[in-house]
Amino acid sequence: MLHFPDINTVGFQLGPITIHWYGLLEIISFVIATVWLIRRGRMAHWNWRKEQVVDLEFYVAVGAILGGRVGYVLWYNLPYYLGNPVKMLAIWDGGMSFHGGLLGVVIACWVFARLHEQHAFLPTLDFIAPAVPIGLGLGRLANFINDQLFGRVSHLPWAMVFPSGGPQPRQPSQLYEFLLEGVLLLLILAIYSRKARPAGAVGGMFVFLYGVFRFAAEYARQPDIQLGFVLGPYTMGQVLSVPMIILGPVVIWWAYKGGFSESPESIPAVDK
């Protein structure tokens, strides 16, 4: 049995300004993802200018925040927010849903593609997808530092006593998700997307693998206190991941069958 390390949740402080690790790691992930996408955008089968990458990241950030909040309100705590509608806007109090954030990102990419004709919708999703695990992974590390989203009670040798989890040891599910949804998913998508793929294939691979990894990790994660188990022994995170597990392979299959008219090769070349 391990004990939760004594970690200060404050990353650093500049006078009256306090920057917590969660916000700091999210900023770091955004910078890393942007720099990496700029480098990847120079590949012949992508053809993205630096300015376009920065614009896309802005759209994606807005979509992820809005979608993540709306998803959390609808799927994780709707009765509370119906009684306290003003609280829906209190993002600083916490409460974000990845699945809602994903829908927000998809919508943001669609809007971006509509405004930038040289980059079609599906190739835009394929381009951004491999960078998403950077934010996911560092976000899970931030959850661990903040003593959030810990796992279920366990007596495994590496089980840990979390300050907010009571006296019993629990699985460090945040670290499982960091390794699965962050490190492993990033490696697979980075390798898979190095070559030109049919439009939709990279995005479909992300959807499928994230669904599988999240569904598996939820077996170790403590269900949300306000929800508990929502469908037999399954959590809301697992229920929301099932459509991803089904949809991902369908999208990949359809992409390789040539079902989508868009393709990276059809995108006109642009100046670097």
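Residues numbered from 1 in each chain as written. Predicted model: local features only at pLDDT ≥ 70, side-chain atom pairs only at ≥ 80, totals over all residues. Heavy atoms only, no water.

Notes on the overall build of the chain
Piece 1. Counting its regular elements, the chain contains nine helices and four strands.
Piece 2. Going from N to C terminus, the chain has its helices and strands arranged as β-β-β-α-α-α-α-α-α-β-α-α-α.
Piece 3. For the chain, whose C-alpha radius of gyration is 19 Å, the value lies close to the compact-globule estimate of 19 Å for 272 residues.
Piece 4. Expressed as lengths along the three principal axes of its C-alpha atoms, the size of the chain is roughly 60 × 50 × 40 Å.
Piece 5. Burial statistics for the chain: of 272 residues in total, 46% are counted as buried.
Piece 6. Look at the contacts in the chain between residues 6 or more apart in sequence, and 69% of them connect residues 24 or more apart.
Piece 7. For the chain, the separation between the mean place of its 18 positive charges and that of its 16 negative charges on side chains is 5 Å. (Helix = DSSP H or I, 4+ residues; strand = E, 2+ residues; numbered from the N terminus. Rg over C-alpha atoms; globule rule 2.2 N^0.38 Å. Buried < 20%, exposed > 50% of the residue type's maximum accessible area, 1.4 Å probe, protein only. Contact = heavy atoms within 4.5 Å. Lys, Arg positive; Asp, Glu negative; His and termini not counted. Charge placed at Lys NZ, Arg CZ, Asp CG, Glu CD.)

Describing helix α9 (residues 236-256)
Piece 1. Look at α9: 32 Å from first C-alpha to last across 21 residues, which is about the 30 Å you get at 1.5 Å a residue.
Piece 2. For α9, the complete set of buried residues consists of Met236, Gly237, Gln238, Leu240, Ser241, Met244, Gly248, Val251, Ile252 and Ala255.
Piece 3. Downstream of α9 by one or two residues, glycine 258 has phi in the positive range, about 80°. (Expected span 1.5 Å × (residues − 1).)

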